[in-house]
Amino acid sequence: MESNALVDYVKSLDCIHCGLCLRTCPTYQLTGAESSSPRGRIYLMRADAEGQLAAADPHYREEMDFCLACRHCESVCPAGVRCGEMIETARAGLEQTQPRGILARTARRIGFGTVLRSRFWLSIVASSMRLAQVTGAARLLGKLGRPLVEMPTVPPKSERAPLPASTPAVGVRRGEVAMLEGCAMRERYGRVNRATVEVLTGIGFETKVPTGHVCCGALHAHNGEIEGARELARSTIEHFERCSSGPVVVNSAGCGAHMKAFGHLLADDATWRERAGRFSARVKDFSEFVAAELPAELKGELGKELGTLAYDDPCHLCHGQQVRSQPRTLLERSGAARVELPDSESCCGSAGIYSMLRPTDSKAVFAKKATAFRACGADTLVTANPGCHMQWESGLAREGVKARVLHLAEVMAAALRKARR
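Each value, and the rule that gives it
Sequence order as written defines residue numbering, which begins from 1 separately in each chain. Thresholds applied to this predicted model are a pLDDT of at least 70 for local features of residues and 80 or more for the giving and counting of side-chain atom pairs; totals over whole chains, interfaces and linings are not thresholded and use all residues. The basis for every side-chain value is the complete set of heavy atoms in the structure, and neither hydrogens nor water enter the calculation. In short, DSSP must find at least two bridges between two strands for them to pair. The helix and strand labels rest on DSSP assignments: H or I over at least four residues marks a helix, E over at least two residues marks a strand, and numbering proceeds from the N terminus. A contact between two residues is defined here by any heavy atoms of the two lying within 4.5 Å. Orientation is described by lines fitted to C-alpha atoms, with helices fitted over the stretch in contact, and by angles between N-to-C directions that extend from 0 to 180 degrees. Whether a set of points on the 1 Å grid over the protein atoms alone is a cavity depends on a 1.4 Å probe fitting there but being unable to get out, while an open set qualifies as a pocket with protein on both sides within 12 Å along at least five of seven lines; lining residues are those with an atom within 4 Å of a point. Grid points are joined across faces, edges and corners, and a volume is the space filled by probe spheres set on the points. Under this grouping Gly is polar, as are all residues other than the nonpolar Ala, Val, Leu, Ile, Met, Phe, Trp, Tyr, Cys and Pro and the charged Asp, Glu, Lys and Arg. Cysteine sulfur atoms are paired as a disulfide whenever they fall within 2.5 Å. Only protein chains enter the accessibility calculation, which uses a 1.4 Å probe; a residue whose area is less than 20% of its type maximum is buried, one above 50% is exposed, and one in between is partly exposed. By convention in these notes, a salt bridge is any Lys or Arg side-chain nitrogen within 4 Å of a carboxyl oxygen on Asp or Glu. Two N or O atoms count as a polar contact when they lie within 3.5 Å, although within protein this holds only if one can serve as hydrogen donor and the other as acceptor, and sequence-adjacent residues are included solely when both atoms are side-chain atoms.

### Let's talk about the sheet that holds strand β4 (residues 248-250)
- If you trace the five strands from one edge of the open sheet to the other, you get β1-β3-β2-β4-β5, paired in mixed fashion. Since the sheet does not close on itself, it has two edges, and those belong to β1 (166-167) and β5 (283-285), each with one partner.
- Bridging between strand β2 (residues 175-179) and strand β3 (residues 205-208) involves four bridges; their strand directions are parallel. Opposite A178, over in β3, you have K208 as the bridge partner.
- Its contacts with the sheet place helix α11 (residues 190-202) against β1, β2, β3 and β4, and it is angled at close to 150 degrees to β3.

### Side note on empty space enclosed by the protein
- What the rule picks out here adds up to three cavities of 30 Å³ or more.
- In this model, the largest cavity occupies a volume close to 150 Å³.
- C15, C21, I42, C77 and V81 are the residues nearest the centre of the largest cavity, which is lined by 17 residues in total.
- Only α3 (38-49) and α5 (72-76) provide two or more residues apiece to the lining of the largest cavity.
- Considering only residue class, the lining of the largest cavity consists of 13 nonpolar, two polar and two charged.
- Its volume calculated, the second largest cavity comes out at about 110 Å³.
- P38, C67, C70, R71 and C73 are the residues nearest the centre of the second largest cavity, which is lined by 16 residues in total.
- A per-element tally of the lining of the second largest cavity places helix α6 (residues 83-97) first, with three residues.

### Looking at the state of the cysteines
- For the structure shown, the criterion picks out zero disulfides.
- Summary of cysteine pairing: C215 is not part of a disulfide, and the nearest cysteine sulfur, belonging to C183, is at 4.0 Å.
- In this structure C255 is not part of a disulfide, and its nearest cysteine sulfur, from C216, lies 3.8 Å away.
- C255 sits in the buried class, given a relative accessible area of 15%.

### Quick word on the sheet that holds strand β6 (residues 309-311)
- In space, the four strands of this open sheet follow the order β7-β6-β8-β9, with parallel pairing throughout. Each edge of the open sheet carries a strand with a single partner, namely β7 (338-340) and β9 (404-407). This sheet shows a mean twist of 35 degrees between the axes of neighbouring strands, independent of strand direction.
- Two elements, β6 and β7, share three bridges in a ladder whose sense is parallel. By the bridge assignment, L309 is partnered in β7 with R338.
- Most of the contacts of helix α23 (residues 408-419) go to β9, to which it runs at about 80 degrees, and overall it touches β6, β8 (380-383) and β9.

### Notes on unusual backbone geometry
- In the Ramachandran plot, H17 falls in the positive-phi region, its phi being about 60 degrees despite a non-glycine side chain.
- Structurally, the position occupied by H17 is in the loop between α1 (3-12) and α2 (26-31).
- We classify H17 as partly exposed; its relative accessible area is 34%.
- You will see that A351, though not glycine, has its phi angle at about 50 degrees, which is positive.
- Relative to the helices and strands, A351 resides in the loop between β7 and α20 (354-357).

### Regarding the pattern of salt bridges
- Counted by the stated rule, this structure contains 36 salt bridges.
- Linking R119 and E181 is a salt bridge whose minimum nitrogen-to-oxygen distance equals 3.9 Å. A residue pair is termed long-range when its members are at least 10 positions apart, and R119 in helix α8 (residues 119-135) and E181 in the loop between β2 and α10 (184-188) qualify at 62 residues.
- Judged by its relative accessible area of 8%, E181 is buried.
- The residue E198 makes a salt bridge to R417 at a minimum N-O spacing of 2.7 Å. Pair noted here: E198 is in helix α11 and R417 is in helix α23, with a separation of 219 residues, a long-range link.

### Quick notes on the environment of H239
- Along the chain, the position of H239 falls in helix α13 (residues 226-243).
- Distance in space between the C-alpha atoms of H239 and V214 is 9.8 Å, their sequence separation being 25 residues.
- For H239, the contacting residues outside a window of four places in its chain are P210, T211, G212 and H213.
- Engagement of the side chain of H239 in a polar contact is seen with the backbone oxygen of S235, the distance being 2.9 Å.

### Here we look at the side chain of S350
- Following the sequence through the fold, S350 ends up in the loop between β7 and α20.
- S350 sits in the buried class, given a relative accessible area of 2%.
- If we skip the residues at most four places from it in the chain, S350 touches S355, S362, G387, C388 and Q391.

Okay, here's the thing in structure tokens:
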């Protein structure tokens, strides 16, 4: 057993079987099955580590795949069990000991080994998806059961242009930051990246983007590709060390949670362990950094310019990073009209690529979020993660709810523009 796996096994013994996690678990809420709860999955992982499960037990893999790894259970666990880390370790073990079928292995090799590591292939995939959407081919695929038809429209290539390597601060320079451009964020929400730079430079911080960096490895880690995740973590650290010594600002909650955990990911690597810990200490979510640095004299007066806003907490921000108040502080500072979204810390069903791999389960999880959004009376949903952003856009459209979906950075960029008029 690898030392990380051993540590996770020891941590599993901390579970006191209290059941507080049951009401927070989206898959348990769908099925009512104990094995589909955090407590049940811990039993399965422990049984596997102790050699009590039959080889290639299909039920064990199914439950590991069924979990959204939303980490809501961690926020209510009185024993501090880190179920998200254990799920990642269990998935990595399964990929090594129980290989998937050849088609699945090939798809994963292409996706994790080629596409997510290459700006060229990410652009090709995004352009192909856009072509399918604008020509109507996506609708044909939809009739064949493919999920592409429900995905939000991929923006044109001009909207997916790279950020400058450095953007100077506006007005008095207060310092510099490095920013994660991201793999999916750049191809799907380039406008969010530009809004992020606009806010960071607008409050006085020169913003640098590491040249040549593509992916931090979050999707690899979440899906059992542990060696790929470690390789990309080392590459990410090297790129950002060369880029800047300042804070690393991340506008993707899943990436930020993953990058803050590089110390755990590389704990077995004596060469990188301390270096990874130092890097992780630099990582700040966009809301975390801006809420602390926003000048007091900047008063937003958005009002209802963007509609009445409701903020949905991305799982890897509230549960993974324990960042809850800062996004709300920024929305208050923006001057926007805002209402609370009921049960805002529950998962929307995106969970990285979960919505593509298990679309039926993902839609079932989202249905409760759509009901909550209707009930709160908002007409604009604000989030802070690209996967959640896509899930809300496609989900609300599918449910027939006419509403905008914005990233928190877009709201703050609009507020800064209005404040300076």
